[in-house]
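Structure at a glance
What follows is each chain in one-letter form.
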Amino acid sequence: MSRKVLIVLGVVVLVLVVIRLALPHVLVWYVNRTIADLPDYHGRVEGIDLGLLAGSATFHDIRLVKRGEGIDVPFAAIPEVRASIDWGRLLRGALIGTVVVENPRLNLVAGPEEAEEQLDISEEWIDTARRLMPMRIDVFRINDGEIHYMDPTSTPEIDIYLSSVDLEATNLANTRELQEPRFAAVEVFGVAMQSGYFSMHMTLDPLAEEPRFEMEAELEGLDLTTLNDFLEAYGNFDVKKGT
């Protein structure tokens, strides 16, 4: 092999290494720039790791914070999101994969004024998230999440929550690929107010024009006294015991 060929190969390898090292930083800049000016919430991603051979990306420390100064907690705080493609389907021309969300916390906040509440998110945010992650999601998981409903303006203040939330949704993307329609399946488990066991099982058609689903949900063993702040604030009564 000639000296000139070796030099060219060395330059190519060096360029690829530089691109590989710079790409995560470029992606962080692009994502944060894309979500910086969306309505209602300010979003930020602290870091992105890429596994090019595995076809995966890991997003670190995602936060959505309500614009303004009326709310002290973020709408969403997510330490880690992992997205990976299905190589088998990619070779057949379909960009489909799995998303796993680790330890997310969602804070729904009620208040007397719009500036003091965060209960939903606009369609523009959802559309932007789809553009940033263009693959079709077939499997979606949440591990050890929390959902809080808070009202810091009520008397007493309210914070009711579901913790240790595990969710798995499967078959979200492959209905079109099958001769016989298959429904997606969603299972959710969690602990309500550190005492009650919550479970939900649902089947749905993710491609139906009108919602088609069946759902069963159950809550067992909840200590009703843990809801007294909520009952006093919104119903002006409390309970002494019960499940």
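Residues numbered from 1 in each chain as written. Predicted model: local features only at pLDDT ≥ 70, side-chain atom pairs only at ≥ 80, totals over all residues. Heavy atoms only, no water.

What follows covers the overall build of the chain. Check the secondary structure of the chain and you find 4 helices and 10 strands. Ordered by position from the N terminus, the helices and strands of the chain form the series α-β-β-β-α-β-β-α-β-β-β-β-β-α. Evaluated residue by residue, the chain yields a buried proportion of 33% over its 243 residues. Across the chain, the fraction of contacts at a sequence separation of at least 24, relative to all contacts at a separation of at least 6, is 52%. Accessible area for the chain stands at about 15,400 Å²; split by element, carbon and sulfur atoms hold 57% of it. (Helix = DSSP H or I, 4+ residues; strand = E, 2+ residues; numbered from the N terminus. Buried < 20%, exposed > 50% of the residue type's maximum accessible area, 1.4 Å probe, protein only. Contact = heavy atoms within 4.5 Å. Areas by Shrake-Rupley, 256 points an atom, 1.4 Å probe, with all protein chains shown as cover.)

Let us now look at the layout of surface pockets. Computed from the structure, the second largest pocket encloses a volume of approximately 160 Å³. Asp40, Tyr41, Lys66, Glu114, Glu117, Gln118, Leu119, Asp120, Ile121 and Ser122 together form the lining of the second largest pocket. (1 Å grid on protein atoms, 1.4 Å probe; cavity = no way out; pocket = protein on both sides within 12 Å on 5 of 7 lines; lining within 4 Å. Points joined across faces, edges and corners; volume = space filled by probe spheres on them.)

With that settled, the discussion passes to the confidence of the model for the chain. With 85% of its residues at a pLDDT of 70 or more, the chain shows a mean pLDDT of 83. When mean pLDDT is compared element by element in the chain, strand S7 (residues 158-170) scores highest at 95, while helix H1 (residues 3-35) scores lowest at 67. This model gives residues 175-179 a pLDDT under 50, and the stretch forms 9 contacts once residues within four places in sequence are excluded. (pLDDT = per-residue confidence, 0-100.)

This part is about the pattern of salt bridges. Under the counting rule described, the total for this entry stands at 5 salt bridges. Between Arg44 and Glu46 there is a salt bridge; the shortest N-O distance is 3.2 Å. Judged by relative accessible area, Arg44 falls into the partly exposed class, the value being 40%. A residue is classified by how much of its surface remains accessible, and Glu46, at 48% relative accessible area, is partly exposed. (Salt bridge = Lys/Arg side-chain N within 4 Å of Asp/Glu carboxyl O.)

A separate point is the pairing of strand S2 (residues 56-66). Where strand S1 (residues 41-51) meets S2, 10 bridges bridge the pair, whose relative direction is antiparallel. In the strand pairing of S2, Leu50 is matched with Ala57. Hairpin connection, S1 to S2: the antiparallel pair is bridged by 4 residues, and Gly55 has positive phi, about 70°. Two strands pair when backbone bridges link them, and S2 and strand S3 (residues 76-85) are joined in this way by 8 bridges, in the antiparallel orientation. Considered in S3, the bridge of Leu64 is made with Ala76. (Pairing = 2+ DSSP bridges.)

As a further point, take a nonpolar patch on the surface. Nonpolar side chains collect at one region of the surface, where Val26, Trp29 and Tyr30 lie side by side and expose about 340 Å² of accessible area between them. By the secondary structure assignment, Trp29 is in helix H1. A relative accessible area of 52% places Trp29 in the exposed class. (Patch = residues over 30% accessible without salt bridge, like charges linked within 9 Å, V, L, I, M, F, W, Y side chains within 5 Å.)

Evaluation of the coordinates by the stated rule reveals 3 aromatic pairs. Seen in terms of ring centroids, Tyr41 and Phe75 are 4.9 Å apart; in terms of plane orientation they differ by 40°. Their pairing is tilted. Residue Tyr41 is located in strand S1, and its partner Phe75 is located in the loop between S2 and S3; the two are separated by 34 residues in the primary sequence. For Tyr41, a relative accessible area of 2% puts it in the buried group. Ring plane angle 70° and centroid distance 5.0 Å describe the contact between Phe230 and Tyr234, whose orientation is recorded as edge-to-face. Taken together, the positions of Phe230 and Tyr234, both in helix H4 (residues 228-235) and 4 residues apart, correspond to about one turn of that helix. (Phe/Tyr/Trp six-rings, centres within 6.5 Å; stacked < 30°, edge-to-face > 60°.)

On a regular strand, each side chain points to the face opposite its neighbour's, so the side chains alternate between the two faces of the sheet. In strand S8 (residues 184-192), alternate side chains face the same way, and those of Ala184, Val186, Val188, Gly190 and Ala192 are buried while those of Ala185, Glu187, Phe189 and Val191 on the opposite face are not. Both S7 and S8 contribute to a ladder of 7 bridges, which runs antiparallel. Following the sheet pairing, Thr170 is matched in S8 by Ala185. Note: S8 against strand S9 (residues 196-204), 9 bridges, orientation antiparallel. Directly across from Val191, in S9, lies its bridge partner Tyr197. Adjacent in sequence and paired antiparallel, S8 and S9 are bridged by 3 residues, among which Met193 carries a positive phi angle near 55°.

Let us now look at the nonpolar core. Core analysis: the biggest nonpolar cluster contains 36 residues, and Ile48, Phe59, Val81 and Val186 have the highest contact counts within it. Residue assignment for this core shows that the elements contributing at least two residues are H1, S1, S2, S3, strand S4 (96-102), S7, S8 and S9. Of all the elements, S3 adds the most residues to this core, at 5 residues. (Core = buried A, V, L, I, M, F, W, Y, C linked by side-chain atoms within 4.5 Å.)

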